[in-house]
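# Structural features, examined
As a plain string of letters, each chain reads:
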Amino acid sequence: MTLTFLGIESSCDDTAAAIVRSDATILASVVAGQVALHESFGGVVPEIAARAHVEKLDLCVEEALAIAGLTLADLDGVAVTAGPGLIGGVMAGVMLAKGIAAGTGLPLVGVNHLAGHALTPRLTDGIGFPYLMLLVSGGHCQFLHVTGPEQFQRLGGTIDDAPGEAFDKVAKLLGLPQPGGPAVQAAARNGNAGRFDLPRPLLDRPGCDLSFSGLKTAVLRVRDGLVAAQGGLHEQDRNDLCAGFQAAVADVLAEKTRRALAASPVPVLAVAGGVAANSTIREALQRVADQAGAAFVAPPLALCTDNAAMIAWAGIEAFRMGRRDDMTLAGRPRWPL
Ligand code: KG4
Ligand code: ZN
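Parameters at a glance
Residues numbered from 1 in each chain as written. Chains lettered and ligands numbered in written order. Predicted model: local features only at pLDDT ≥ 70, side-chain atom pairs only at ≥ 80, totals over all residues. UniProt positions renumbered as here; feature names shortened; annotations may be inferred. Near = placed C-beta within 6 Å. Helix = DSSP H or I, 4+ residues; strand = E, 2+ residues; numbered from the N terminus. Domains from an automatic or database assignment. Contact = placed C-beta atoms within 7 Å. Nonpolar A, V, L, I, M, F, W, Y, C, P; charged D, E, K, R; others polar. Pairing = 2+ DSSP bridges. Core = buried A, V, L, I, M, F, W, Y, C linked by C-beta atoms within 7 Å. Buried ≥ 20, exposed ≤ 12 C-beta atoms within 10 Å, placed from the backbone. Axes fitted to C-alpha atoms, helices over the stretch in contact; angles between N-to-C directions. Parallel < 35°, antiparallel > 145°, perpendicular 65-115°, else oblique. Left-handed = near helix turned anticlockwise from the far one by under 90°. pLDDT = per-residue confidence, 0-100.

Looking at an unreviewed UniProt entry, one finds the chain named tRNA N6-adenosine threonylcarbamoyltransferase and attributed to Paracoccus jeotgali. Quoted verbatim from the Catalytic activity (unreviewed entry) field of UniProt, the annotation for the chain is "L-threonylcarbamoyladenylate + adenosine(37) in tRNA = N(6)-L-threonylcarbamoyladenosine(37) in tRNA + AMP + H(+)". Word for word, the UniProt comment on the chain under Subcellular location (unreviewed entry) is "Cytoplasm".

Written as structure tokens, this is what we have:
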């Protein structure tokens, strides 16, 4: 039987609702970002994010239903991100999902946001288990050996910053706009990655753990050196620093991915998370997959970044495994897979 789920996502700075079917059809996926609200603060402000989610969530759900041409009565379940994330936003989503479930009698499934990202390649590309997932976003960075809808083995991850966070901080250091990833990638296009000698953190240590904070500090030092020597940054300096930084992140991710594939060989390497939108990183990972004889799967950009279609899908997968939540479902700011 084909199931149709509503998905709700509000764990960071995107308010999202989607309607997805168990045959992997996305009937609607609405994402309302909050970039403009947080811009002047240089980062996501949790209280502002939570208020915006409360204001927008029900409108996003209404819009998703309208796009799909459905009403709540046509649904088979409600899936909602129950963590990890900013607790105010998570609670806004969980409360709305509980309200819908209580009012309609629909089953409720609380979804781990990371499982949503990690299962996305099954929604977009229909891949089977097992596979290696490299999850690289603004808040997360980890290698997951995925063997089932709720079976994730962590092979390694960042010991400090997430790569998206590093992209955002480097953009800030260089006076580029937020979110930093796309801005750094655009500047890097006109830059020389070899001009500055930037570190490749943790490559000298065995295993699949990663580190990005030292790389960000190295960019800061080069910037300060240039500012001291020439009174400011020229556009070319900025472009070269962005290219060098991006190349260093790509090198580190590629080498650690090579090790993860060697440690746990699987037929497919998949990526998800906002940083997976980066084309230099994608190309580096494609080469690693080719060398390991694995297929490389990268979902379309709109499904790599935060969205509710992945939550609806993860909810369907969990529901099929027998998972149900009730009115005691609580938001969890920390929720490791
Ligand atoms: O997955 P996501 O939308 O939100 C989190 O759950 O964190 O990821 C957002 C992150 C931001 O840090 C953003 O700078 C980064 O993904 N990002 C990129 C690119 N596009 C977005 N990083 C590098 N290159 C990009 N093209
Ligand atoms: Zn995310």
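## Overview of the site of ligand 1
In the vicinity of ligand 1 lie 20 residues, with Gly 138, Gly 164, Gly 181, Gly 274 and Asn 278 positioned nearest. Going through the elements one at a time, helix 5 (163-173) and helix 6 (180-188) are the ones with two or more residues in the shell around ligand 1.

## Considering the domain arrangement of the chain
Along its sequence, the chain is organised into domain 1 (4-119 + 306-320) and domain 2 (129-302). Averaged C-alpha coordinates put domain 1 and domain 2 at centres separated by 27 Å. Tallying the contact residues gives eleven residues for domain 1 and 15 residues for domain 2. Counting only elements with at least two residues in the side of domain 1 that touches domain 2, the list comes to helix 4 (113-125) and helix 11 (309-320). Element by element, the count of residues in the side of domain 1 that touches domain 2 is highest for helix 4, at four residues. Classifying every residue of the side of domain 1 that touches domain 2 by side-chain character gives six nonpolar, three polar and two charged.

## As for the pairing of strand 8 (residues 151-157)
When strand 7 (residues 141-148) meets strand 8, the two strands line up antiparallel, connected through six bridges. By the bridge assignment, Val 146 is partnered in strand 8 with Phe 152. Hairpin connection between strand 7 and strand 8: a loop of two residues separates the two successive antiparallel strands.

## Some points on the nonpolar core
Membership of the largest hydrophobic core comes to 115 residues, with the highest contact counts inside it found for Ala 18 and Ala 312. A per-element tally of this core places helix 8 (residues 235-263) first, with twelve residues. Residue assignment places this core across two domains, with domain 1 (4-119 + 306-320) and domain 2 (129-302) each supplying three or more. Sequence-distant contacts of Ala 18, defined by excluding residues within four places in its chain, comprise Gly 7, Ile 26, Ala 28, Ser 29, Val 30, Ala 64, Asn 307, Ala 308, Ala 309 and Ala 312.

## Quick notes on the sheet that holds strand 2 (residues 14-21)
Read across the sheet, five strands follow the order 3-2-1-4-5 without closing on themselves; strand pairing throughout is mixed. Only two strands of the sheet have a single neighbouring strand rather than two, namely strand 3 (26-33) and strand 5 (108-112). Along the sheet, successive strands turn relative to each other by an average axial angle of 20°, direction set aside. Note: strand 4 (residues 77-83) against strand 5, five bridges, orientation parallel. Along strand 5, the bridge assignment pairs Val 78 with Leu 108. Contacts between helix 3 (residues 87-104) and the sheet are confined to strand 1 (4-9), strand 4 and strand 5, with strand 4 contributing the most and set at about 160° to the helix. Sitting on the sheet, helix 11 touches strand 1, strand 2, strand 3, strand 4 and strand 5, and the angle it makes with strand 1 is about 125°.

## Some thoughts on the packing of helix 8 against helix 9 (residues 279-292)
Packing of helix 8 against helix 9 leaves a shortest axis separation of 9 Å and a crossing angle of 25°. By the criterion of interaxial angle, the relationship of helix 8 to helix 9 is roughly parallel. As helix 8 packs across helix 9, the resulting crossing turns out to be right-handed. Across from Gln 246, Val 249, Ala 250, Leu 253, Ala 254, Thr 257, Arg 258 and Leu 261 in helix 8, the residues of helix 9 making contact are Thr 280, Ile 281, Ala 284, Leu 285, Val 288 and Ala 292.

## Digging into the confidence of the model for the chain
Averaged over the chain, the pLDDT score is 95; the fraction of residues at 70 or greater is 100%. Overall fold confidence (pTM) sits at 0.93, and the ipTM for the predicted complex is 0.98.

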